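Coordinate inspection notes
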Amino acid sequence: MNRQEINALVKQMNVDTATGPVDSRVQEIVVRLLGDLFQAIEDLDISQTELWKGLEYFTDAGQANELGLLAAGLGLEHYLDLRADEADAKAGVAGGTPRTIEGPLYVAGAPETVGFARMDDGSEAGKIPTLVIEGTVTDTDGNIIEGAKVEVWHANSLGNYSFFDKSQSDFNLRRTILSDAKGQYVAQTTMPVGYGCPPEGTTQFVLDKLGRHGNRPSHVHYFVSAPGYRKLTTQFNIEGDKYLWDDFAFATRDGLVATAEDITDTAEIERRGLKEAFKHITFNVELVKDQTAAPSTEVDRRRASA
Ligand code: MBD
Ligand code: FE
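In this convention, every chain numbers its residues from 1, walking through the sequence in written order. Here chains are named by letter from A upward and ligands by number from 1 upward, in the order in which they appear as written. Per-residue local features of the predicted model are confined to residues with pLDDT of at least 70, and side-chain atom pairs are confined, for both listing and counting, to 80 or more; whole-chain, interface and lining totals are unaffected and use all residues. Each side-chain value is worked out from all heavy atoms of the structure, with water and hydrogens disregarded.

The name an unreviewed UniProt entry gives the protein chain is Catechol 1,2-dioxygenase, with Acinetobacter pragensis as the organism. Recorded under Pathway (unreviewed entry), the UniProt text for the protein chain is reproduced unchanged: "Aromatic compound metabolism; beta-ketoadipate pathway; 5-oxo-4,5-dihydro-2-furylacetate from catechol: step 1/3." Under the UniProt heading Sequence similarities (unreviewed entry), the note attached to the protein chain is "Belongs to the intradiol ring-cleavage dioxygenase family." UniProt positions are given in the numbering used here, feature names are shortened, and annotations may be inferred rather than shown by experiment.

Right, dumping it as structure tokens:
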């Protein structure tokens, strides 16, 4: 079949058959995706067995709750960031901390404090260095923003995230910190280790077929929001990790690379109420004022909450 015949067939089966109310947006998307799929079946001569293997794959990936991970790994999520950047540029929106992907491992409902939070439950003390993260939330003119909601989440020393890893305590390494009167937030936590896809999982199964690894560099996720400002979804990725620029999810971006400095000065260790040398990262956040011209940065997706 040629594309004209395909389009006619899709329309005949899924448009002309409507006898009830139509969601025209859903109809438009279904018609387009089916047409593109039929066309791919023609072009690549996809067999019936191959088609069923594909549908079975989505069944398995969905049952394993790995479709979010797959979207990150195949670059779909990063592609949407590039499109959002393009839309911003077109609308004349510039500046602010760069966005990067949310990933599939956010959990809503983390404990909230003002100015400072200890994020780790102490269970990995001695196993992995302490990390102090601090920064200031400002607008793009450098004016401080008090009361900005800084949501932070990251992995433990095994690259695992609490909630999804049931061996960790509730909300371990997940906190919401409101910036203080100086616009500052401080998080005392442990050094994250890069995530790797479950080796026997559905995402790694496809990555293997593509000859790809499923690893991320060590990183820390952020949602930063404040009234009158666009919500920012971002991360920093940590300098020195071998996957820094070889991230299977393509989240590392210029402006989002952080250096973890070793702090050995005893006065500084004491000032922080710590007992040993620790790592320190500065991550300042610049928010952009709400825009009417550019698309919203709020993304409605199913998220875990605890
Ligand atoms: C992660 O920690 C992550 O950030 C992404 C994007 C995908 C899988 C695990
Ligand atoms: Fe992550």
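1. Looking at the nonpolar core
With 29 residues, the main nonpolar core has V137, Y222, F236 and L287 as its most contacted residues. Those elements that provide at least two residues to this core are β4 (130-139), β5 (149-154), β7 (184-190), β8 (219-225), β9 (232-238) and β13 (285-287). With near-sequence residues (within four places) excluded, L287 lies in contact with V137, T138, D139, T140, I145, V224, S225, A226, Y229, R230 and L232. Grouping buried Ala, Val, Leu, Ile, Met, Phe, Trp, Tyr and Cys residues that are joined through side-chain atoms within 4.5 Å yields what is termed a nonpolar core. Each residue is assigned to one of three classes by its accessible area relative to the maximum for its type, calculated with a 1.4 Å probe on protein chains only: buried under 20%, partly exposed between the two thresholds, exposed over 50%. We count a stretch as a helix when DSSP gives it H or I for four or more residues in a row; a strand needs E for two or more, and each element gets its number in order from the N terminus. What makes two residues a contact is simply this: any of their non-hydrogen atoms within 4.5 Å.

2. Here we look at the site of ligand 1
Taken together, L69, I101, G103, P104, L105, Y161, Y195, R216, H219, H221 and A249 make up the full set of residues near ligand 1. In protein, a polar contact means a hydrogen-donor-capable atom and an acceptor-capable atom, both N or O and within 3.5 Å, with residues adjacent in sequence counting only if both atoms are side-chain atoms; elsewhere, any N or O pair within 3.5 Å suffices. Residue Y161 places a side-chain N or O atom 2.8 Å away from an oxygen atom belonging to ligand 1. Against a free-state accessible area of 260 Å², the protein chains account for coverage of 100% of ligand 1. Detection works on a 1 Å grid of protein atoms alone, calling trapped sets that fit a 1.4 Å probe cavities and calling open sets with protein on both sides within 12 Å along at least five of seven lines pockets, with lining residues defined by an atom within 4 Å of a point. Any molecule with more than half of its atoms within 2 Å of a cavity's or pocket's grid points is regarded as sitting in that cavity or pocket. A majority-of-atoms criterion places ligand 1 in the largest cavity. Across the shell around ligand 1, the residue classes tally to seven nonpolar, three polar and one charged. Residue proximity to a molecule or strand is established when one non-hydrogen atom of the residue lies within 4 Å of it. Computed with the Shrake-Rupley method and a 1.4 Å probe, the accessible areas treat only the protein chains shown as cover for residues. Note that Gly is not counted as nonpolar here; it falls among the polar residues with everything else outside the nonpolar set of Ala, Val, Leu, Ile, Met, Phe, Trp, Tyr, Cys and Pro and the charged set of Asp, Glu, Lys and Arg.

3. Some remarks on a negative patch on the surface
Patches in this entry comprise residues that are over 30% relatively accessible and not in a salt bridge; like charges within 9 Å are linked, as are nonpolar side chains (Val, Leu, Ile, Met, Phe, Trp, Tyr) within 5 Å. The salt bridge definition used is simple: a Lys or Arg side-chain nitrogen within 4 Å of an Asp or Glu carboxyl oxygen. His is not counted, nor are the chain ends; Lys and Arg add positive charge and Asp and Glu add negative charge. Charge positions come from single atoms, namely NZ of Lys, CZ of Arg, CG of Asp or CD of Glu. On the surface, a cluster of negative charge is contributed by E5, E42, D43, D45 and E50. Here E42 shows up in helix α2 (residues 24-44).

4. Looking at the coordination of the iron ion (ligand 2)
Each pair of donors in an ideal octahedron of six around a metal sits at 90 or 180 degrees, and each pair in an ideal tetrahedron of four sits at 109.5 degrees. Here the coordinating atoms are restricted to nitrogen, oxygen and sulfur within 2.8 Å of the metal centre, or 3.2 Å for Na, K and Ca, and because water is not among them the sites may look incomplete. Surrounding the iron ion (ligand 2) are the protein donor atoms Y161 (OH), H219 (NE2) and H221 (NE2), at 2.0 to 2.1 Å. Read in sequence order, the donor residues coordinating the iron ion (ligand 2) give the pattern Y-x57-H-x1-H. Given the relative accessible area of 4%, H221 is considered buried.

5. Re the packing of helix α3 (residues 48-63) against helix α6 (residues 202-209)
A fitted line through C-alpha atoms serves as each axis, taken over the contacting stretch for helices, and the angle formed by two N-to-C directions is quoted from 0 to 180°. Two elements in contact, α3 and α6, have axes separated by 9 Å at closest approach and are oriented at 140°. The orientation of α3 relative to α6 falls into the category oblique. Residues Y57, D60 and A61 of α3 form the contact with α6, whose participating residues are T202, T203, F205 and V206. Taken together, the residues that form the contact of α3 with α6 break down as four nonpolar, two polar and one charged. If an angle is under 35 degrees, it is roughly parallel; if it is over 145, roughly antiparallel; if it lies from 65 to 115, roughly perpendicular; otherwise it is oblique.

6. Describing the UniProt feature "domain: Intradiol ring-cleavage dioxygenases" (unreviewed entry) in the protein chain
Taking the numbering used here, the UniProt-annotated feature "domain: Intradiol ring-cleavage dioxygenases" (unreviewed entry) corresponds to residues 133-161. Structurally, residues 133-161 comprises 0% helix and 45% strand, and the distance from its first C-alpha atom to its last is 18 Å.

7. Focus on helix α5 (residues 76-90)
A rise of 1.5 Å per residue sets the reference length of α5, with its 15 residues, at 21 Å; its end C-alpha atoms lie 21 Å apart and thus fit the reference within 8%. Those residues of α5 not exposed but buried are E77, H78, D81 and D88. Axial view of α5: buried residues confined to an arc of 100°, hence all on one face. Of the residues in α5, the exposed ones pointing more than 90 degrees away from the buried face are R83, E86 and K90. Looking at the packing, one finds that the buried side of α5 touches α4 (67-73). Just downstream of α5 lies G92, where phi reads positive at about 80°. How far a helix is expected to stretch is found by multiplying one less than its residue total by 1.5 Å. Think of it as the arc spanned by the lines of direction from the helix axis to the C-beta atoms.

8. Section: the layout of surface pockets
Grid points are joined across faces, edges and corners, and a volume is the space filled by probe spheres set on the points. Considered as a void within the structure, the largest pocket measures approximately 980 Å³ in volume. Secondary-structure elements contributing two or more residues to the lining of the largest pocket are α4, α5, β9 and β13. Of the residues belonging to the lining of the largest pocket, the class tally is 14 nonpolar, eight polar and 16 charged.

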